[in-house]
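# Working through the structure, step by step
One-letter residues, chain by chain:
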Amino acid sequence: MRSAERNSVITSKRTARDKALNSAGSHLANDAVYTTATASEIVQRIATGEWTASQVLEAYIARAAIAQAETNCITEVLFDEARKQAEELDAEFASTRQLRGPLHGVPVSFKDQYEIEGYDVTVGLTGWANKPAKKDAFLVAQFKAAGAIIIVKTNVPQTMLAFECSNPLWGCTTNPWNDQYTSGGSSGGEAALLAMDGSALGVGSDIGGSLRIPVSYCGIYSLKPSADRVSSLGAKGCNPGFEAIRVAYGPMGRSVQDCELFCKTIFGPQDPSHGNIPLPYRPVELPSKLRFGYYLSDGMVETSPACQRAVLETVAALEKQGHECIEFAPTLTIAAMEVFVGLITADGYKMLLSHLDSDPQESSLFLTTVGPRIPSFIRSLVCWITNSAFVGDSLFSRFFALARVKSVFEFTRFTDKRTQVCTAWYEEVWDKYGFDGIIAPVQALPGLPHGGCAYLSALAAATILYNVVDSPVGTIPVTRVDPDTDQVTPGFKPGLAGRSKLFEERMYMGKTPVYDPKAMQGLPVGVQVVGKKWEDEKVLAMMHVVDEALGPRGFGPGSWKPKQTK
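Residues numbered from 1 in each chain as written. Predicted model: local features only at pLDDT ≥ 70, side-chain atom pairs only at ≥ 80, totals over all residues. Heavy atoms only, no water.

Across its full length, the protein holds 20 helices and 15 strands. For the protein, whose C-alpha radius of gyration is 23 Å, the value lies close to the compact-globule estimate of 24 Å for 566 residues. When burial is assessed residue by residue, the protein has 62% of its 566 residues classed as buried. Contacts spanning at least 24 positions in sequence make up 80% of the contacts within the protein whose residues lie at least 6 apart. Working note: accessible area of the protein is about 21,000 Å², and carbon and sulfur atoms make up 53% of it. For the protein, the distance from the average position of its 54 positive side-chain charges to the average position of its 60 negative side-chain charges is 4 Å. (Helix = DSSP H or I, 4+ residues; strand = E, 2+ residues; numbered from the N terminus. Rg over C-alpha atoms; globule rule 2.2 N^0.38 Å. Buried < 20%, exposed > 50% of the residue type's maximum accessible area, 1.4 Å probe, protein only. Contact = heavy atoms within 4.5 Å. Areas by Shrake-Rupley, 256 points an atom, 1.4 Å probe, with all protein chains shown as cover. Lys, Arg positive; Asp, Glu negative; His and termini not counted. Charge placed at Lys NZ, Arg CZ, Asp CG, Glu CD.)

This is how it looks when you write it as structure tokens:
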């Protein structure tokens, strides 16, 4: 695609989006009664006849337009179709007094990668524009059958293999709490929209933290289910055929209850390709006293004071409720990261980057993709220098050495190593300690400024661990960055205890360290709540326990306020 043609596509797509957004009404004061309700509460109010689907929809449409104006989080706009669906639902309910399903009248949003009949699936790629989907993804069809009303699709990073949220087609999505920071990725547009009450329930995906990272950055909730618990049919990606690490698809919401509502509605039915596990939702009853493991650092880098505090406050709240919390060291994080890097780079990103066409590559992909693209002798030189006494970062050297094209034989060995890491994780953690769940940092930093992912993409190791071992993981907002309590300890030295010196220097040292609690003041900080594979319902139950133990703390529907009312 030539430059002029590419620019014309970008202009036409953005113009069409903005025109569709213009049909949104003004957000009125009384709309807050709808937009501060959870998805579960919306269904309950409609069921009693107190609200109509159309009333709820218009409030969320107005709020979605505000979210777009503030953060640039929306790609495709479905307002006209949504209004028709709401009218149909209202007429149906008036006639039958019956709900169509458990999501009746709930305004929802989808990460851009999901096929919705009649709308593009661009995932930020100009070359994928103007090719509308011919049918709904299976998950989209499930939502519609349950009575949900889809209002928008949301922005993602280029290739969806970064935890910033920017691409040449749609531009950059900012964090709702501070526009100098990213909303995260790859489900970053979804997280920003939900944090601002622009949708009542959302859907994202996760292969290395793409649900958990943006959810923590933006202060909402999510569940990364066990892979294949939710259908992938009709969810497009940039690396089709890559199955060595399975993508998980799951809910993003403003409460644990809404994540649970998603699972109760979606778990079970099998898609036409029989690609997902036909395992219905299974209620669980937890013991009165739970046994949690926790850690403050994954061994890759030193976790920031703000993110450590989030874990410690969660632990203190659980202990106050009588639960047992035991600190342990997750010794397999580095091995899991080696597996991930070894597998994900096996084709040199040939498939992933082939979709860029004439689009310029985003800076967020720099460190992720540079290894396989340089000659082997330069890679060896970089590894030798970083591992030498002059630099002293053996961890960086190990990872960089793995970022190269592999033979089929090597790929098979890394796949086998993945299985070994999974087996060892159960033996060394779950079996050894007898934990019900694990409380862990989502990432070493509470957020990243725009462009930060270019050199710090390896921070995703904290979430990648649980993709490699395929654990279900909930994410819960805990606190916010406080410059009075979250300063780096004086005398901090990067690279101690085998951690990455180069990453820690960029994070914490120099005149402009990435971690700046004063600049980050007010950014949300979450934790991961981890369970064993297939124990998705238990993770949801433990999320309830954690959320209730922490108590009210300024998150959930209505927590974000427009600028004029802040």
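Here the narrative resumes, following the displayed structure.
With respect to the helices and strands, the residue L279 is situated in the loop between helix 9 (256–266) and strand 11 (291–294). Residue L279 is classed as partly exposed on the basis of its relative accessible area, which comes to 21%. Note: C-alpha distance between L279 and E50 (229 residues apart in sequence) is 35 Å. Aside from chain neighbours lying at most four places away, what touches L279 is R229, F267 and G268.

Right, let's talk about the pattern of salt bridges for a bit. Tallied over the full model, the rule gives 29 salt bridges. A salt bridge links E50 to R45; the shortest N-O distance between them is 3.2 Å. Here R45 falls in the partly exposed class, since its relative accessible area comes to 33%. A salt bridge links R404 to E410; the shortest N-O distance between them is 2.9 Å. A relative accessible area of 22% places R404 in the partly exposed class. Overall, the relative accessible area of 24% leaves E410 in the partly exposed class. If you follow the salt bridges from partner to partner, you end up with R229, R282, D536 and E537 in one network. (Salt bridge = Lys/Arg side-chain N within 4 Å of Asp/Glu carboxyl O.)

A few words on the state of the cysteines. Within the structure shown, the criterion is met by 0 disulfides. Of the cysteine sulfurs around C73, a residue in no disulfide, the closest is that of C165, at 8.9 Å. Overall, the relative accessible area of 1% leaves C165 in the buried class. (Disulfide = S-S within 2.5 Å.)

Read across the sheet, 11 strands follow the order 1-3-2-8-10-9-14-15-13-11-12 without closing on themselves; strand pairing throughout is mixed. The outermost strands of the open sheet, each flanked by one partner alone, are strand 1 (74–77) and strand 12 (324–327). This sheet shows a mean twist of 30° between the axes of neighbouring strands, independent of strand direction. Running at roughly 180° to strand 2 (residues 107–111), helix 6 (residues 138–145) makes contact with strand 2, strand 3 (149–154) and strand 8 (201–206) of the sheet. (Pairing = 2+ DSSP bridges. Axes fitted to C-alpha atoms, helices over the stretch in contact; angles between N-to-C directions.)

Here the focus is helix 7 (residues 188–195). Among the 8 residues of helix 7, 8 are classified as buried, and the element is accordingly described as predominantly covered. Taken from the residues just after helix 7, D197 is the one with a positive phi, measuring 60°.

Let us look at the packing of aromatic side chains. Across all of its chains, the model carries 16 aromatic pairs by this definition. Judged by centre distance (5.5 Å) and plane angle (90°), the ring pair of Y295 and F328 falls under edge-to-face. Of the two residues, Y295 is situated in the loop between strand 11 and helix 10 (305–320) and F328 in the loop between strand 12 and helix 11 (333–344); the sequence distance between them amounts to 33 residues. Accessibility expressed as a relative area gives 6% for F328, which makes it buried. For K236, the ring lying beneath its charged end belongs to W128, and the centroid distance is 4.4 Å. The cationic tip of K406 hangs over the ring face of F414; the distance from NZ or CZ to the ring centre is 5.7 Å. (Phe/Tyr/Trp six-rings, centres within 6.5 Å; stacked < 30°, edge-to-face > 60°. Lys NZ or Arg CZ within 6 Å of the ring centre and 35° of its normal.)

Moving on, we come to helix 19 (residues 501–508). The set of residues buried in helix 19 consists of F503, E504, M507 and Y508. The buried residues of helix 19 occupy an angular sector of 105° when the element is viewed end-on, so they sit on one face. Where the residues of helix 19 are buried, they touch helix 13 (366–373), helix 15 (394–402) and helix 17 (453–456). The N-cap residue of helix 19 is S500: its side-chain oxygen and the backbone nitrogen of F503 are 3.3 Å apart. Just downstream of helix 19, G510 is the residue with a positive phi angle, here 85°. (Arc of directions from axis to C-beta. Polar contact = N/O pair within 3.5 Å; in protein donor to acceptor, adjacent residues only side chain to side chain.)

Among the surface-exposed residues, L381, W384, I385 and F390 lie close enough to one another that they form a single nonpolar patch of about 510 Å² accessible area. Relative to the assigned elements, W384 resides in helix 14 (residues 376–387). (Patch = residues over 30% accessible without salt bridge, like charges linked within 9 Å, V, L, I, M, F, W, Y side chains within 5 Å.)

Right, let's talk about the pairing of strand 8 for a bit. Burial within strand 8 is extensive, with 6 of its 6 residues counted as buried. Across the two faces of strand 8 the burial is the same, with L201, V203 and S205 and G202, G204 and D206 all buried. Bridge count between strand 8 and strand 10 (residues 248–253): 5 bridges; the pairing is antiparallel. Looking at strand 10, one finds that G204 is bridged to G250.

Turning to the side chain of Q68, a few remarks are in order. Along the chain, the position of Q68 falls in helix 4 (residues 53–71). For Q68, a relative accessible area of 9% translates into the label buried. In contact with Q68, not counting residues within four places along its chain, are R17, L21, C73 and I74.

Attention shifts here to the packing of helix 16 (residues 408–433) against helix 18 (residues 461–468). Running from N to C, helix 16 and helix 18 point in directions that differ by 95°, and their axes come no closer than 9 Å. Relative to helix 18, the element helix 16 is oriented roughly perpendicular. Counting all contacts with helix 16, which are made through R418, V421, C422 and W425, the residues of helix 18 involved are L465, Y466 and V468. For the contact of helix 16 with helix 18, the class distribution of residues is 6 nonpolar, no polar and 1 charged. (Parallel < 35°, antiparallel > 145°, perpendicular 65-115°, else oblique. Nonpolar A, V, L, I, M, F, W, Y, C, P; charged D, E, K, R; others polar.)

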